[in-house]
Every structure is written in C-alpha cells, then in structure tokens.
Amino acid sequence: DMAYISDHVLGYDELAETIAECTPQWGEEKTGVPATLIEEAAKIYGAGPSLLWMGQGVQRQKAGGNIFRACAMLPAFSGNMGKPGAGAYYLNSSLGISARRGASPKFVAGGDEAPTLSQMDVPAALQDNETIRAYFVWNCNPIASNPAQTEMRRGLSREDLFTVVVDCFMTDTAKYADIVLPAASFLEFDDLCSSYFHMIAGPQVKCTEPVGEALPNQEIFRRLARAMDMDAPELYEDDQTMIDALLENSNVGLTWEELKEKGWNHLSDQPMVLWQDGAFATPSGKIEIASAQAKADGFSLAPTPDADLAPKGGALRLLSPADKHLMNSSYGNDARVHDLMGPASVSIHPEDAKAHGIADGDAIVLSNDGGELPLTARVEDIIPRGTLLAYKSRWPGCETSDANVNLLHIPEKSDMGESTSVHSTEVLMKKA
C-alpha cells in the first residue's frame with residue numbers, strides 16, 4: 001500500500017531490495033514451511049483486512065527483537081493499520097487503550113531511570129551479597145519460572161540473603177524464605193480486572209474476609225511503607241480510591257457499585273479502531289521500520305532476514321510454551337490439575353525419535369550445561385524435525401525429579417530488551 005507507506009512508514013526504500021530476494025522458496029529453505037503454504041498465507045493476509053497478533057513466544061529467542069521488527073513490516077507495508085479488523089498488537093492494555101479512547105500514546109523519550117535487573121541476570125546476581133542482599137517475592141514462584149534453576153536454588157540457599165515471600169501456598173520458592181507472609185486470595189479483596197484480548201472490564205468482588213493473618217499485597221506494602229517511615233502519599237492510597245480513579249480515568253462508564261451489579265462492561269459502545277489517527281509513539285510519529293533510535297542503541301537500522309542458526313553437534317531445539325491446564329505456574333500444586341497434566345513429557349518428531357532409538361512412552365533424558373532432566377517421550381508430528389516440545393510451569397516440588405524444564409533454560413538474553421531467549425534453548429537427548 002504505497003500511499004499508506006508514503007504517509008505513515010519509514011524504511012520501505014531501505015528494505016525493498018532485500019524483500020525482493022526473500023522469495024517463498026527462500027522462506028521454505030530457511031523455515032521448512034512449504035513455499036505453497038507461504039504463498040497461500042500471503043494471499044489471505046494481503047486480501048485483508050488482516051490482524052497480526054504477535055504473542056510473547058515470538059520474542060523469546062536470541063533473535064526475538066529482530067524477528068518482531070520483521071513481523072511488524074507486514075501490517076505497515078500492506079496498510080493493515082488504522083482500520084477495522086486490522087492492526088498489529090502484542091498484549092492488550094485494555095484500560096489504557098480505553099483511557100486514550102483508541103488514540104496512540106504519546107512518544108516519551110527515555111530519561112534517568114532507577115537501576116533495573118533483567119530476570120536473566122537474577123540467578124548469577126543471587127550468588128553475590130553485594131548485588132542482592134534481600135529478595136522479596138510476590139505473585140510468582142521464581143524457582144519454577146526463572147532460568148538456571150540449579151543456580152537459583154544455590155543463590156536462595158545463601159545464609160546472608162534475607163528472603164521474604166508473599167503467597168497463598170508454600171511454593172518451591174517459599175521453602176527458601178526467612179519470612180513467609182500469607183497473601184489474601186482474589187476472593188478476599190476488591191480489585192478491577194480487564195481482559196487480555198477484549199475491551200472489557202470487570203470487578204473482582206470481595207466474598208469473605210482474608211483467612212487468619214492473610215492480607216492483600218497492597219495492604220502489605222502500605223504497612224511496610226509505614227514501618228519504613230516513607231512519606232510519599234501514593235504509598236498510602238486505599239484500594240477503593242485507586243479503583244475509583246481507574247474507573248474514571250479509563251472511561252469504564254460505570255461506578256464501582258454499578259459495575260459490581262452488572263458484572264462486566266464493554267469499554268466502548270463501538271469497536272475501537274486503534275492507530276486510526278495515523279500517529280505513532282516514535283520520534284517521527286510514523287511506523288519506524290528503519291529506526292535511527294534503534295541504530296543509536298546499537299541495533300541494525302532496519303530488521304534483517306536472520307533468525308537463530310540451526311543447532312549443531314546433534315543438539316535439538318527445545319520449545320517450552322504454557323500447558324493448557326495451567327496459568328503460568330498458578331495451580332501447579334493442585335492435585336487434580338497435576339493429574340490432568342499427567343507425567344512431565346517431551347514431544348519428539350517421529351524421525352528424530354527413530355534416529356535416537358526412542359519409542360513412545362520411553363523414559364528419556366534431556367541435558368545441557370544447566371543439568372539433566374528426565375521426561376517421558378511422546379512421539380508425535382506436531383512439531384518440525386530438530387525441535388522438541390516440553391511444557392513449562394510445573395512445580396519442581398511436585399515432580400519426582402524436583403525440577404522442571406527451566407532446569408535446562410540457560411539465561412541468555414535476547415537481542416533486544418534483555419528478554420529471555422528460552423525458545424532458543426538447545427539440548428542433547430538420550431534414552432534413560
């Protein structure tokens with residue numbers, strides 16, 4: 001869509017020649033996806049209007065940032081932006097989108113920020129008492145969800161590390177805590193919720209008082225702020241004040257009492273068409289496929305036709321998406337859920353299984369520098385050759401191996417944003 005490109009996109013000229021060289025046959029050689037299917041998908045997408053929804057898994061590899069930038073060319077160059085049924089989205093920020101009534105956010109240049117630490121750096125940093133002297137955990141179970149599981153355990157075992165865990169359950173991580181603070185469940189305090197994928201808000205309504213000494217996270221932080229003599233007024237806002245402000249600022253259209261009575265509410269009477277104003281949160285206000293800011297940050301001016309190299313030395317690539325029975329690691333300790341999931345397993349393409357002398361149901365071991373993980377083989381062609389599939393988020397303490405797939409997750413950062421490259425994990429496989 002050359003008219004759209006001219007008005008709203010930077011970078012087409014820099015990439016036109018490269019794109020011409022990346023034929024469907026080239027795509028087949030790089031990916032294993034037949035050229036005919038690439039062409040069929042292209043025709044369906046090009047006919048439009050088409051929505052490109054890029055999930056979290058795409059970014060979680062060594063070349064994830066570059067791949068995201070490359071994918072973003074599809075809606076930009078085809079003009080599938082700013083009209084119904086089109087766009088490019090990552091995860092909905094429903095309340096934020098509603099607050100702007102679908103308009104683009106304003107570009108804000110980076111400034112002085114508080115120091116941060118990538119989750120990829122946490123396992124190593126936990127070994128050093130100068131870097132991390134206290135570790136406060138809430139709403140997560142890092143032993144189950146962080147990379148370098150063995151290193152995480154070693155760090156949390158330090159005698160000079162002060163660890164506090166806030167949770168409803170004795171998680172794998174809570175077992176390492178000096179103090180465990182009991183958390184209130186979502187049935188025990190009011191909150192405002194919005195959908196990941198729809199423009200809908202709903203109330204989380206308190207049904208009962210918290211059990212025993214349990215408290216909602218926000219009340220725990222209010223009490224900590226008071227005990228530490230902190231004076232910022234934002235630290236002491238009560239729940240209802242925050243809920244009412246969010247309802248008003250996000251244009252939910254109902255009071256808290258009205259929302260509780262109704263149960264949920266659309267955030268707009270009509271579908272919101274995002275990016276309709278043609279303004280984008282970039283220095284130029286355009287879609288910057290070629291980005292001077294990216295180049296200044298040490299990246300290529302524009303995306304390149306590169307991805308992770310194929311594994312060598314007999315290694316296989318291990319993918320570890322979410323299990324359909326879990327919400328990340330939540331409910332991983334529920335016996336009924338554990339029974340539904342069955343034994344921890346790995347899916348293997350029939351040709352790879354044959355090459356390794358593995359049959360369906362065999363006990364196998366995956367290994368790399370992170371350690372060795374025993375799993376049950378599932379021989380099925382749901383994945384390409386050279387790739388394995390093992391689901392994440394099982395609680396190590398519920399497994400006979402006292403480990404999950406993150407034992408094998410080497411904390412190597414992606415090319416942009418210091419994100420995880422978990423889906424670039426490479427392992428060796430053998431029969432147990």
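Parameters at a glance
- Residues numbered from 1 in each chain as written.
- Predicted model: local features only at pLDDT ≥ 70, side-chain atom pairs only at ≥ 80, totals over all residues.
- Heavy atoms only, no water.
- Salt bridge = Lys/Arg side-chain N within 4 Å of Asp/Glu carboxyl O.
- Helix = DSSP H or I, 4+ residues; strand = E, 2+ residues; numbered from the N terminus.
- Buried < 20%, exposed > 50% of the residue type's maximum accessible area, 1.4 Å probe, protein only.
- Axes fitted to C-alpha atoms, helices over the stretch in contact; angles between N-to-C directions.
- Parallel < 35°, antiparallel > 145°, perpendicular 65-115°, else oblique.
- Left-handed = near helix turned anticlockwise from the far one by under 90°.
- Contact = heavy atoms within 4.5 Å.
- Nonpolar A, V, L, I, M, F, W, Y, C, P; charged D, E, K, R; others polar.
- Core = buried A, V, L, I, M, F, W, Y, C linked by side-chain atoms within 4.5 Å.
- Expected span 1.5 Å × (residues − 1).
- Phe/Tyr/Trp six-rings, centres within 6.5 Å; stacked < 30°, edge-to-face > 60°.
- Lys NZ or Arg CZ within 6 Å of the ring centre and 35° of its normal.
- Pairing = 2+ DSSP bridges.
- Patch = residues over 30% accessible without salt bridge, like charges linked within 9 Å, V, L, I, M, F, W, Y side chains within 5 Å.
- Areas by Shrake-Rupley, 256 points an atom, 1.4 Å probe, with all protein chains shown as cover.
- Lys, Arg positive; Asp, Glu negative; His and termini not counted.
- Polar contact = N/O pair within 3.5 Å; in protein donor to acceptor, adjacent residues only side chain to side chain.

Asks: When you look at the pattern of salt bridges in this model, what are you seeing that I'm missing?
Replies: Between side chains of opposite charge, pairing is possible as soon as their charged atoms come close. Scanning all chains against the criterion turns up 15 salt bridges. Residue K431 pairs with D362 through a salt bridge whose shortest N-O separation is 3.5 Å. Taken as a pair, K431 in strand β16 (residues 426-431) and D362 in the loop between α17 (350-355) and β13 (363-368) lie far apart in primary sequence, 69 residues in all. Its relative accessible area of 46% is what places K431 among the partly exposed residues. Take D362: its relative accessible area is 17%, and that puts it in the buried class.

Asks: How do you make sense of the packing of helix α3 (residues 24-31) against helix α4 (residues 35-47) when you look at a structure like this?
Replies: Any two packed helices are characterised by the angle at which their axes cross and by the distance between the axes. Close contact between α3 and α4 brings their axes to 8 Å; oriented N to C, the two are set at 120 degrees. Here α4 runs oblique to α3, going by the angle between their axes. Relative to α4, the crossing made by α3 is right-handed. The segment α3 lies against α4, with P24, Q25, G27 and E28 engaging A35, I38 and E39. The class makeup of the residues in the contact of α3 with α4 is three nonpolar, two polar and two charged.

Asks: Help me understand the nonpolar core in this model?
Replies: A general tendency of soluble globular proteins is for nonpolar side chains to be buried together. With 20 residues, the main nonpolar core has L366 and L388 as its most contacted residues. Counting only elements with at least two residues in this core, the list comes to β11 (316-319), β12 (345-348), β13, β14 (371-379) and β16. Broken down by element, the residue count for this core peaks at three residues, all from β14. Discounting residues that sit within four places of it in the chain, L366 has contacts with L318, V346, G371, E372, L373, L375, L388, L408, V427, L428 and M429.

Asks: Looking at this structure, how should I read α4?
Replies: Each α-helix turn comprises 3.6 residues. Residues three or four places apart therefore point the same way. Helix length check: α4, at 13 residues, gives a terminal C-alpha distance of 18 Å against a target of 18 Å (1.5 Å per residue), a fit within 8%. Immediately downstream of α4, the backbone of G48 shows phi near 50 degrees, a positive value.

Asks: Sorry if this is basic, but what is going on with the packing of aromatic side chains here?
Replies: The description of two aromatic rings rests on the distance between their centres and on the angle between their planes. This model, assessed by the stated rule, comprises seven aromatic pairs. Measuring from centroid to centroid gives 5.0 Å for W138 and F221, while their planes differ by 75 degrees, and the two rings are edge-to-face. Of this pair, W138 sits in strand β4 (residues 134-138) while F221 sits in helix α12 (residues 217-227); the two residues are 83 residues apart in sequence, bridging distant segments of the chain. A cation sits over an aromatic face here: K262 above W264, 5.6 Å from the ring centre.

Asks: Just to check I follow, could you spell out α12 for this structure?
Replies: Taken together, the buried positions of α12 are occupied by N217, E219, I220, R222 and A225. Where α12 is buried, its residues contact β4, β5 (162-167), β6 (179-182) and α13 (239-249). Just downstream of α12 lies D229, where phi reads positive at about 55 degrees.

Asks: So what exactly am I meant to see when it comes to the sheet that holds strand β9 (residues 265-266) here?
Replies: Strand order in the open sheet made by the three strands is β7-β8-β9, with antiparallel pairing throughout. Of all strands in the sheet, those with a lone pairing partner are β7 (191-194) and β9, marking the two edges.

Asks: I'm lost on the sheet that holds β6 in this one. Help?
Replies: The strands that make up a sheet pair up through hydrogen bonds in the backbone, lying either parallel or antiparallel. Pairing is parallel across the open sheet formed by three strands, whose spatial order is β4-β5-β6. Strand pairing shows two members of the sheet lacking a second neighbour, β4 and β6, which therefore form its edges. Geometrically, the sheet is characterised by an average inter-axis angle of 15 degrees between neighbouring strands, direction not taken into account. Running over the sheet, α12 touches β4, β5 and β6 and is turned about 150 degrees from β4.

Asks: Help me understand a nonpolar patch on the surface in this model?
Replies: On the surface, a nonpolar cluster with roughly 580 Å² of combined accessible area is contributed by L51, W53, Y90, L91, Y196 and F197. Within the secondary structure layout, F197 lies in the loop between β7 and β8 (200-204). Residue class for F197 comes out partly exposed when judged on its relative accessible area of 45%.

Asks: So what exactly am I meant to see when it comes to the side chain of D172 here?
Replies: Mapped onto the elements of the fold, D172 is located in the loop between β5 and β6. Among buried charged residues, D172 stands out as having no salt bridge; its nearest opposite-charge side chain is K175, 4.6 Å away. A polar atom in the side chain of D172 sits 3.1 Å from the side chain of N141. A distance of 2.7 Å separates a polar side-chain atom of D172 from the backbone nitrogen of G397. Setting aside anything within four residues of it in sequence, one finds D172 in contact with N141, I143, A144, W395, P396 and G397.

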